[in-house]
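Examination of the molecular architecture
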Amino acid sequence: MTNRVAGGDRSPSPCTGALPSRTELRDVTRTPTDKPQLRRATAEQDSIVDSLMSSPFVTMWLIETDDHGEITGGHRWNGELGEFEPMAVADALENWGGRIRPLENGEFDRLADPEQKVERLLIGGKDAHGPLHLGLICPACSANLIVSLIRQVSVSSAIERRFGTAERQLDELMRANDSLVVQVTEDFEELTFLRSISEYLECSDESIGYLQMAETMIEPLARGVRAAQLSIVTIDAEGAYRVELTCGCPILSEAATESLLATLGREIGGRPYVQNHFDRGPLAARYPNVERLMVVKMASTRRTLGYLVAVNRASLGLEDIEARLNDQSHQEFGTSEAALLGSAGSILASHAHNVALLKQKEDLLTSVIRAMVSAIEAKDQYTRGHSDRVALFGQVLAKELGLSDAYAEKIFLSGLLHDVGKIGVSDATLRKPGKLTDEEYEEIKRHPDEGWAILQDIEQLRDILPGVLYHHERIDGRGYPDGLRDQAIPLDGRILAVADAWDAMTSDRPYRRGMPPEKAESILREGAGTQWDSRIVDAFFRARGEIERVMKEYDLPVKPPRVTGDGHGSRLGEPSPTSTQL
Ligand SMILES: [Fe+2]
C-alpha cells in the first residue's frame, strides 16, 4: 500500500502536528483503482470510515510503528468521547503498552479495556516508511458494531488488496506476454532463416556459387537479425570493397557502405562489430541516417571473403507491443543477432571456399582426363578425335533416351576414356596396319579390362567404369570382355557401343576413307537386336540430325600415320560389325 497518510510523500508527517485529512485516513486502508469492482468495494469502505469518523462516540488515531512494532509516533484525529478528550497521544500510546504487533494491510486487532468500558481497535496498513495503524477508541457498548464495521473495512481492504495484486499480476503477465510475443516473433524469424539455410544446404551443391546462395539467404537473414538494411560486401586482393547484394530500406548507398567499411577498416576484427549508438558517435555526421550498425566478417579459416553489414533495426510489425514495452533491448542489435549474422558469414565464406576447392579439383580432373585422352591418341594416332566424338555421340544418345543431364555427362566422360586401356596394348599391335593375328586380336581385346584397371582407383571416375569395361559387349553375348547378354550389359556400355561403332565406321583413317553414312546406317539397322541394343539404335536414328551436327563440328583433319604397312586388311575401327569396336 502506498503512503497516503500524509499526502503521499509524508510531508507533513503525521508526527509533525498537521492533522491528516479524512481522505488520508481512508487511504490508510485502501488503494485507489480504476477497476469497477474495486470502485464499488472502496466506495463501501469509504462510507464505513466516514461513519466511524462522524460518530461522536469514536476517537480515531493514527499510530506509526517501525518494522518491529515499536511505536514511533501518532496523532489523534478527532473524537467526541469526553473522557478521552484530554488524553494526549503519548498517554494513549502508553496505555497500549508502547508496542504494537505489526499488522498487515487490512488486518484487524482488538485491545480490550474493561475498566474503561471502551475498546481500542486497530486496523493495520503499511506505506513505504513502515506500518501504520488506524486506531479507534469507542464505548464497549458499541464495540461489537464497530468491530463488525471494521471487519467490513478489513474485508473491503482485503478485496481491494487482492484486486490490486491481481491487477499488478495482470500487468506483469501482459508485459511478460508482450515480451514473449516479441521474442517468439524474433525466434520465428531466426528459425525461418535457419530452416531456409538448412534446406538450401541440403539441396545445394558446390556447383552453386556463394553469391547464388547469398541471394537466397539475404532476405530471411535480414528478417532474422531485424536489420532495416542488409548488405553483402566482398573485398578483393587489393583491399577494395564491393557491395554485391543489398536488401531492405535504402539507408546507405553502395558507395556509402563501401566508404564506411573502408573507414572502419581496422576496427572490424574477427568479432562482430556492433554499434548501437552510431548516431552519437564520431561518424554520425558523415552517415546521418545510420542509428545502429552491425558488421561481421565473412571469413573461412583461410581467407576473408568480405563483410555482412546490417544497418538500423527493423520493426517487427508489432508497433503497439513494441511501444508498450518501450524496451531498449528490443531496439538494439544484441548478442543473438551478432551470432546469427556471424554464422551466416561463416556459412557463406565456407561455401565460397568449398566452391573454389571443388573448382580446383574439377580443373585437376579435367586435366587428368585430357592427359589420358592425349596419351591414347599419341599411342594410336589413327583414331585422332575418336574419343571426343564417341563422347559427344554418347551424350546425344543419353539425352535422346530421356536420361538426366548428369547421366549424359557421365556418358560423355565414359566416351572420352572408353579406350584408355589401349595405353596398355603394345605399340606393335596397336599400330599394325595389316590384319591382326589371333594373338594380336586377343591382346586388343584386353583394352576394356586395362582401362578398368587404370581408372578403378580414381574415386571421381568410378561411375564411368561400366562404360569403359563393357563398350565391346554385344546383345547376343558374342562381345568381350565378359560375353554379357542383352540387359545384363550395363546401359552405359550399350550406349557407347553404338556411339563407338558409328564413329569407327564413318570416320576417315589415314589408310582408308570412312564408310558412306548410308552403308553405316544399314549395318546399324541390321545389327540392332544382335550386336546393339535396338532401343539405342532407334534413339540413334531419332537423333540422327544432332549426330550429323557433331560429326561436322569434329571433322578434324587426319594426320598421316608415321608407321605405314601395306595399307590393306582390317584395322582398329574397320567398318565391320565384328571389328569396328576395338
Ligand atoms: Fe574400344
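Residues numbered from 1 in each chain as written. Predicted model: local features only at pLDDT ≥ 70, side-chain atom pairs only at ≥ 80, totals over all residues. Heavy atoms only, no water.

Turning to the environment of Glu258, a few remarks are in order. Residue position: Glu258 is located in helix α6 (residues 254-264). For Glu258, a relative accessible area of 22% corresponds to the partly exposed category. The spatial distance from the C-alpha of Glu258 to the C-alpha of Thr234 is 9.5 Å, given a sequence separation of 24 residues. When near neighbours in sequence (up to four residues on either side) are disregarded, Glu258 contacts Tyr241, Arg242 and Val243. (Helix = DSSP H or I, 4+ residues; strand = E, 2+ residues; numbered from the N terminus. Buried < 20%, exposed > 50% of the residue type's maximum accessible area, 1.4 Å probe, protein only. Contact = heavy atoms within 4.5 Å.)

Following the sequence through the fold, Asp500 ends up in helix α15 (residues 491-506). Look at Asp500: it is buried, it has no salt bridge, and the nearest opposite charge is Lys422 at 6.6 Å. There is a polar contact of 2.8 Å between the side chain of Asp500 and the side chain of His386. (Lys, Arg positive; Asp, Glu negative; His and termini not counted. Salt bridge = Lys/Arg side-chain N within 4 Å of Asp/Glu carboxyl O. Polar contact = N/O pair within 3.5 Å; in protein donor to acceptor, adjacent residues only side chain to side chain.)

Protein coordination of the iron ion is provided by Asp419 (OD), His447 (NE2), His471 (NE2) and His472 (NE2), with donor distances spanning 2.1 to 2.3 Å. Coordination at the iron ion comes from 4 donor atoms whose angles at the metal span 82 to 168 degrees, giving a geometry best classed as irregular. (Donors = N, O, S within 2.8 Å, 3.2 Å for Na, K, Ca; no water. Tetrahedral: all angles 85-135°; square planar, octahedral: opposite > 155°, others 65-115°.)

On to the packing of helix α8 (residues 335-379) against helix α9 (residues 386-400). Relative to each other, α8 and α9 sit at 125 degrees, their axes nearing to 9 Å. As the angle between them shows, α8 and α9 are arranged oblique. Residues Arg370, Val373, Ile376 and Glu377 of α8 form the contact with α9, whose own contacting residues are His386, Ser387 and Asp388. Tallied by class, residues from the contact of α8 with α9 come to 2 nonpolar, 2 polar and 3 charged. (Axes fitted to C-alpha atoms, helices over the stretch in contact; angles between N-to-C directions. Parallel < 35°, antiparallel > 145°, perpendicular 65-115°, else oblique. Nonpolar A, V, L, I, M, F, W, Y, C, P; charged D, E, K, R; others polar.)

The next thing to look at is the confidence of the model for the protein. Of the residues in the protein, 59% reach a pLDDT of 70 or more, and the chain-wide mean stands at 74. When the elements of the protein are averaged for pLDDT, helix α1 (residues 22-27) gives the smallest value, 52, and helix α17 (residues 534-542) the largest, 97. A low-confidence stretch, residues 28-33 (pLDDT under 50), is modelled with 24 contacts involving residues beyond four sequence positions or located in other chains. Between residues 79-87, whose pLDDT stays under 50, and residues either more than four places distant or in other chains, the model counts 22 contacts. (pLDDT = per-residue confidence, 0-100.)

Time to look at helix α5 (residues 210-224). Across its 15 residues, α5 extends 19 Å between first and last C-alpha, which sits within 8% of the 21 Å expected from 1.5 Å per residue. Remark: the principal bend of α5, roughly 40 degrees, maps to Met217, with a proline, Pro220, within the next four residues. For α5, the set of buried residues is Tyr210, Met213, Ala214, Met217, Ile218, Pro220, Leu221, Ala222 and Gly224. Positive phi shows up at Arg226, right after α5, with a value of about 55 degrees. (Expected span 1.5 Å × (residues − 1). Bend = angle between axes of the 7 residues up to and from the residue.)

It is worth spelling out helix α10 (residues 405-417) at this point. In a regular helix each residue adds 1.5 Å, so 13 residues correspond to 18 Å; α10 covers 19 Å between its end C-alpha atoms and thus fits that length. Taken residue by residue, α10 has Ala408, Lys410, Ile411, Phe412, Leu413, Ser414, Gly415, Leu416 and Leu417 as its buried positions. Turning to α10, the residues buried within the fold contact α8, α9, α13 (447-455), α14 (465-470) and α15.

Looking now at the sheet that holds strand β7 (residues 241-248). As summarised here, the arrangement of the 5 strands in space is β7-β6-β10-β9-β8, forming an open sheet in which the pairing is antiparallel. Since the sheet does not close on itself, it has two edges, and those belong to β7 and β8 (273-275), each with one partner. Averaged over all adjacent pairs, the angle separating strand axes in this sheet is 15 degrees, with direction ignored. Taken together, the 7 bridges between strand β6 (residues 227-235) and strand β10 (residues 304-313) define a ladder with antiparallel strand orientation. Of the residues in β10, the one forming a bridge with Leu230 is Ala310. Lying over the sheet, α5 contacts β6, β7 and β10, oriented at roughly 45 degrees with respect to β7. Sheet strands touched by α6: β6, β7, β8, β9 (293-299) and β10. Its angle to β7, the strand with the most contacts, is close to 125 degrees. (Pairing = 2+ DSSP bridges.)

With that out of the way, let us pick up the pairing of β10. Across a regular strand the side chains alternate sides, sitting on one face of the sheet and then on the other. Here β10 lies mainly inside the structure; 9 of its 10 residues are buried. The hairpin formed by β9 and β10 contains 4 residues between the paired strands.

This next bit is on the pairing of β9. Counting buried residues along β9, 5 of its 7 residues qualify, which places the element largely inside the surrounding structure. By the bridge criterion, 3 bridges tie β8 to β9 in an arrangement that is antiparallel. The residue of β9 that forms the bridge with Tyr273 is Val295. When β9 meets β10, the two strands line up antiparallel, connected through 7 bridges. Across the sheet, residue Met294 finds its bridge partner in β10, namely Ala310.

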